[in-house]
Amino acid sequence: MINLISDTTTKPTAAMLEAMMKAEVGDDVFGADPTVNALQNALAGMFGQEAGLFCPSGTMTNQIAIKTHTVPMDELICDHTSHVYRSENGGYAYNSGIAIKLIQGTNGKITPDQIEASINPSFDWLPKSKLVVIENSCNIGGGAMYTYNEMLEIKKVCEKNGLILHLDGARVFNVLVETHDDAIKVGTLFDSISICLSKGLGSPVGSVLLGSHEFIKSARRFRKAMGGGMRQAGYLAAAGLYALENNIDRLSIDNQRARELGECLMNQPYVESVRPVQTNIVIFDLKKDMPGDVFLEKLKEKDIHAVAFGPQTLRFVTHLDVNQEQVEKVKTILNQIR
Ligand SMILES: *Cc1c(COP(=O)(O)O)cnc(C)c1O
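Residues numbered from 1 in each chain as written. Predicted model: local features only at pLDDT ≥ 70, side-chain atom pairs only at ≥ 80, totals over all residues. Heavy atoms only, no water.

### What about the packing of helix α2 (residues 34-46) against helix α11 (residues 234-246)?
It is the contact of α2 with α11, at a shortest axis distance of 8 Å, that shows an interaxial angle of 35 degrees. Of the two possible hands of crossing, α2 and α11 adopt the one that is left-handed. Contact with α2, carried on its side by T35, V36, A38, L39, A42, L43 and M46, involves G234, A237, A238, G240, L241 and L244 of α11 and no other residues of that element. For the contact of α2 with α11, the class distribution of residues is ten nonpolar, three polar and no charged. (Axes fitted to C-alpha atoms, helices over the stretch in contact; angles between N-to-C directions. Helix = DSSP H or I, 4+ residues; strand = E, 2+ residues; numbered from the N terminus. Left-handed = near helix turned anticlockwise from the far one by under 90°. Contact = heavy atoms within 4.5 Å. Nonpolar A, V, L, I, M, F, W, Y, C, P; charged D, E, K, R; others polar.)

Below, the structure is given as structure tokens:
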């Protein structure tokens, strides 16, 4: 089976499982799991942040960040395709009681001008503009990425207007291997950062939230309230540490394979358009005479699996469990489909 559904579908390798088996563990609710602490410190160090918090999912790290940064009646500013808006069950409202201001960005990316224009004046009847969330890379945006300089300009607008800036960096390493931007320079632009270990990095479970000591102290309390305090979580954190050591550099291979698939799709008569492929995600639209479900079925017959993002819109994601041979096979099949 060739799985282009998501980079969340990877299974741990034998070497990763071995690292997990060997983990030294303790009770992380007491802060006493040495492997969890090592993972949190490693990621905080990589991004120039003071502290980290290991959580079960990227939804939880985003939700805790929003909760920690805001009070009810505040407003969050983000692109209309953001994960925090579309894919977390409206958790910003449910968990934090805040409002949201959606920006019509381009491929998931928003500009400093758009942010500035969406700040509410301070009237009694308007929610208080408080927090900006950007995604890098942008998932629904087709893996589009921000460079350091673009993020710096966003940071400046936030600073000027007293806004807090959170990075949903679920796939930030797919970006950094492309831009070669310095992780510490990027990391210190943000008040908090969420990083997924279970996407391209290939861990089975887990995300880490990064921020100041004070922020993480408060975030720990919310993690407990949300039921995310885990005990001998070091077995899972060990997978994350293994991934940081072994699976970062190779993400450029995934990005390259996505570009190959994108180029192949662009040459097909049944493809209307392909969004610019910058990282490991390819989003494309089919022409009217090739319905999305029919196309998916044709792929499935060849044991190639992907998902639809709309009736005519599909997504391919490359990852650890898609090798070059499989990419070649997909290209061959794409060239045959009519
Ligand atoms: C996957 C993802 C998350 C977190 O999702 P979980 O499944 O909860 O780990 C957050 N943001 C983006 C952009 C994502 O793609």
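That covers the picture; the talk isn't over yet.
### Comments concerning the sheet that holds strand β6 (residues 164-168)
Picture the strands of a sheet paired through backbone hydrogen bonds; they go either parallel or antiparallel. Spatial ordering of the open sheet is given by β2-β8-β7-β6-β5-β3-β4, a layout of seven strands whose pairing is mixed. Each having just a single partner strand, β2 (51-55) and β4 (99-103) make up the two edges of the open sheet. For this sheet, the mean angle separating the axes of adjacent strands, direction not counted, is 20 degrees. As paired elements, strand β3 (residues 74-79) and strand β5 (residues 128-135) share four bridges and run parallel to each other. (Pairing = 2+ DSSP bridges.)

### Describing the site of the ligand
Inspection of the region around the ligand gives S57, G58, T59, N62, H83, E135, N139, D168, A170, R171, C196 and K199 as its neighbouring residues. Within the backbone of G58, an N or O atom sits 2.8 Å from an oxygen atom of the ligand. D168 is positioned with one of its side-chain polar atoms (N or O) 2.6 Å from a nitrogen atom of the ligand. Per-element accounting of the shell around the ligand gives the leading share, three residues, to helix α3 (residues 58-69). Class assignment for the residues of the shell around the ligand results in two nonpolar, six polar and four charged. (Near = heavy atom within 4 Å. Polar contact = N/O pair within 3.5 Å; in protein donor to acceptor, adjacent residues only side chain to side chain.)

### Examining the packing of aromatic side chains
Going through the model one piece at a time under the given rule, you end up with six aromatic pairs. Ring centres of F284 and F295 lie 6.0 Å apart, and the angle between their planes is 80 degrees; this geometry places the pair in the edge-to-face category. Pair noted here: F284 is in strand β10 (residues 281-286) and F295 is in helix α13 (residues 292-301), with a separation of eleven residues, a long-range link. For the pair shown, F284 and F295 are each scored as buried. Cluster of aromatic residues (ring-pair linked, three or more members): Y270, F284, F295 and F316. Lying across the ring of Y146, K109 places its NZ or CZ 5.4 Å from the centre. (Phe/Tyr/Trp six-rings, centres within 6.5 Å; stacked < 30°, edge-to-face > 60°. Buried < 20%, exposed > 50% of the residue type's maximum accessible area, 1.4 Å probe, protein only. Lys NZ or Arg CZ within 6 Å of the ring centre and 35° of its normal.)

### Re the environment of F316
With respect to the secondary-structure elements, F316 resides in strand β13 (residues 313-317). It is 13 Å that separates the C-alpha atoms of F316 and P276, two residues lying 40 residues apart in sequence. Excluding anything up to four places from it in sequence, F316 contacts L4, L261, L265, N280, I281, V282, F284, F295, L299, A306 and L334.

### Structural notes on the domain arrangement of the protein
Often, the extent of an interface is quoted as the loss of accessible area upon association of its parts. Here the protein is partitioned into domain 1 (13-246) and domain 2 (250-336). Placing a centre on the C-alpha atoms of domain 1 and another on those of domain 2 gives a separation of 28 Å. With both sides pooled, the region where domain 1 packs onto domain 2 buries about 1500 Å², and carbon together with sulfur makes up 53% of that total. When the area that domain 1 buries against domain 2 is broken down by residue, the three leading residues are G142, N174 and E178, summing to 31%. Our count for the contact surface shared by domain 1 and domain 2 stands at one salt bridge. Notably, a salt bridge pairs E178 with R259, separated by 3.4 Å at the nearest N-O pair. Inspection of the region where domain 1 meets domain 2 yields seven residue pairs in polar contact (both at pLDDT 80 or more). (Domains from an automatic or database assignment. Buried area = accessible area lost by both parts, 1.4 Å probe. Salt bridge = Lys/Arg side-chain N within 4 Å of Asp/Glu carboxyl O.)

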